[in-house]
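An overview of the molecular structure
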Amino acid sequence: LESLHVAGVAVPRPRGWGHLRSGDEIVVTDFLDGQPLRDHFHQVSADSRQELVKAMAQTIGQLHASGHRHGDLHLGNIWIAGERIFLLDLERSRPLRNTRERLFDLARLEFSLAKAGWNSDLRHQLRAALDVDEHFDFVLQRFLRDHLRGRARRVLRIGRNWSHARLGQNEGLRETSLDEQT
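Residues numbered from 1 in each chain as written. Predicted model: local features only at pLDDT ≥ 70, side-chain atom pairs only at ≥ 80, totals over all residues. Heavy atoms only, no water.

Next up on the list: helix α4 (residues 99–115). A rise of 1.5 Å per residue sets the reference length of α4, with its 17 residues, at 24 Å; its end C-alpha atoms lie 25 Å apart and thus fit the reference within 8%. Looking only at α4, the buried set comprises Glu101, Arg102, Leu103, Asp105, Leu106, Ala107, Leu109, Glu110, Ser112 and Leu113. Regarding α4, its N-cap is Asn98, as a side-chain oxygen of that residue lies 3.1 Å from the backbone nitrogen of Arg100 further along. Positive backbone phi, approximately 90 degrees, marks Gly117, located one or two places after α4. (Helix = DSSP H or I, 4+ residues; strand = E, 2+ residues; numbered from the N terminus. Expected span 1.5 Å × (residues − 1). Buried < 20%, exposed > 50% of the residue type's maximum accessible area, 1.4 Å probe, protein only. Polar contact = N/O pair within 3.5 Å; in protein donor to acceptor, adjacent residues only side chain to side chain.)

Next comes the structure, spelled out in structure tokens:
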């Protein structure tokens, strides 16, 4: 966070770091009076949305130009305070090792934008402003495949919604809402 702030990336200014009695770590930053871009986007006009795309591209471009990736880039981690866009929740941020990592960062964002209802024109404008190359579609498809595979694994594992089931020699999973006989 400190190196990103020093590099001029729009992140909250770090003020302190320490350990809590529980053993958890805490980072203290400047307070940003604003709101998530996800919420702000739906409150503004079409012209203002164009400006948001430009501001987002500038902030994300600064991050990548500093040689870092966000690691969890989605609309919930993009904050608007005043007229400025900030990046939050940078605990997964790491130095960029290659172009593909940058594209994976942008693929996660693209997925978030699509889920939030951003139209394809705005998403393409953001891609163009971030100078996304022809490899992006491949990376986006791979991200989506991995994302869906991970979601399916989480849904279909033992836990709150699923438990083991055995019927004769057959074994598998059952929804916990159903009794084993069913």
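This next bit is on the pairing of strand β2 (residues 25–29). The sheet contact formed by strand β1 (residues 14–19) and β2 spans five bridges and is antiparallel. The residue bridging Trp17 from the neighbouring strand is Val27, located in β2. The antiparallel pairing of β1 with β2 creates a hairpin that spans five residues between the two strands, and Gly23 there sits at a positive phi of about 100 degrees. (Pairing = 2+ DSSP bridges.)

A two-sided burial pattern is seen for strand β5 (residues 78–81), the buried positions comprising Ile78 and Ile80 on one face and Trp79 and Ala81 on the other. Counted along the chain from β5 to the antiparallel partner strand β6 (residues 84–87), the turn is two residues long, and its residue Gly82 has a positive phi close to 70 degrees.

This part covers a nonpolar patch on the surface. On the surface, Leu1, Trp17 and Val27 cluster together to form a nonpolar patch covering roughly 310 Å² of accessible area. With respect to the helices and strands, Val27 occurs in strand β2. Assessed through its relative accessible area of 49%, Val27 is described here as partly exposed. (Patch = residues over 30% accessible without salt bridge, like charges linked within 9 Å, V, L, I, M, F, W, Y side chains within 5 Å. Areas by Shrake-Rupley, 256 points an atom, 1.4 Å probe, with all protein chains shown as cover. Salt bridge = Lys/Arg side-chain N within 4 Å of Asp/Glu carboxyl O.)

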